[in-house]
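Descriptive structure summary
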Amino acid sequence: MGERGHVKPVLAFLVRRSGSPHRFVHLLAASLFGSTLELVLIPAVLVYLGRRLDHAFGLSLGARAPHLPWLAVVPFVAGVPWLAWSIYWQHKKGEGTPLPLVPTRVLLCDGPYRFTRNPMALGAILWLAGWALLANSPSALFGGVGMFALLVLSWDKWIEEKELLWKHGTAYEQYRRQTPFLLPRFGSQQRQH
């Protein structure tokens, strides 16, 4: 497939993990770890570091718009459904979790995945943007959320897509051609499953 030497062992490991038995304890541990990481630890670190950088550089989003933290409602309302729906769908239909150590076994092309190939990434980015706005932190919003988005989307594009192509072949290739990478597409052109 032409992957670089350092990527191929990672892909082989991920493909092997999807074929391994998923015991209840593995599913539970992955769910608890992933939830704690996404819902608590990453936002807490983002807000903490963002506020520290803002203080060091004298930055504030609210100096000109004191009601800006109320805008946090918008990314929360837009992001939480994508995040929750995609995680639920991975458990229910994909027979796995979002964590690569307990990956899905089934190619997901329905549910939230019919609108975007990366609904969980979309939801997570919006979730973190909401926390950055609530914290009134330009460093968290532009630096932290931007860095998170770059890392997650790079993983999705350069590792996960190759893994899915390796595991599912032409079925994934067809899905990839029909479904946008991140920003959802709604309407009559969507595939029906």
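Conventions and cut-offs
- Residues numbered from 1 in each chain as written.
- Predicted model: local features only at pLDDT ≥ 70, side-chain atom pairs only at ≥ 80, totals over all residues.
- Heavy atoms only, no water.
- Helix = DSSP H or I, 4+ residues; strand = E, 2+ residues; numbered from the N terminus.
- Buried < 20%, exposed > 50% of the residue type's maximum accessible area, 1.4 Å probe, protein only.
- Contact = heavy atoms within 4.5 Å.
- Areas by Shrake-Rupley, 256 points an atom, 1.4 Å probe, with all protein chains shown as cover.
- Lys, Arg positive; Asp, Glu negative; His and termini not counted.
- Salt bridge = Lys/Arg side-chain N within 4 Å of Asp/Glu carboxyl O.
- Polar contact = N/O pair within 3.5 Å; in protein donor to acceptor, adjacent residues only side chain to side chain.

Structural notes on the overall build of the protein
What the protein contains, in helices and strands, is 6 helices and 0 strands. For the protein, the N- to C-terminal ordering of α and β elements is α-α-α-α-α-α. Counting all 193 residues of the protein, 41% fall into the buried class. Counted over contacts in the protein with a minimum sequence separation of 6, partners at least 24 positions apart contribute 77%. Of the roughly 11100 Å² that the protein leaves accessible, carbon and sulfur atoms contribute 68%.

Things to note about the side chain of Glu38
Structurally, the position occupied by Glu38 is in helix H2 (residues 24-57). Although Glu38 lies buried, it forms no salt bridge, and the closest oppositely charged side chain, Arg51, sits 18 Å away as judged by the N-O distance. Residue contacts for Glu38: discarding those within four places in its chain leaves Pro43, Leu83, Ala124, Trp127 and Phe148.

Some points on the side chain of Asn118
Here Asn118 is to be found in the loop between helix H3 (73-92) and helix H4 (119-134). With a relative accessible area of 6%, Asn118 lands in the buried category. Within the structure, the side chain of Asn118 is placed 2.8 Å from the backbone oxygen of Phe181, a separation counted as a polar contact. In this view, Asn118 contacts Asp156, Glu160, Phe181 and Leu182; residues no more than four positions away in its chain are not counted.

Some details on the pattern of salt bridges
If the charged atoms of two oppositely charged side chains come close together, the side chains can form a pair. Throughout the structure, instances matching the rule amount to 6 salt bridges. The salt bridge partner of Glu161 is Arg117, with a shortest N-O separation of 2.6 Å. Of this pair, Glu161 sits in helix H5 (residues 138-168) while Arg117 is found in the loop between H3 and H4, placing the two residues 44 residues apart along the sequence. Taking relative accessible area as the criterion, Glu161 reaches 3% and is therefore assigned buried. Between Arg176 and Glu173 there is a salt bridge, with the nearest N and O atoms lying 2.5 Å from each other. Pair noted here: Arg176 and Glu173 are both in helix H6 (residues 170-178), with a separation of 3 residues, about one helical turn. Residue Glu173 is classed as partly exposed on the basis of its relative accessible area, which comes to 23%.

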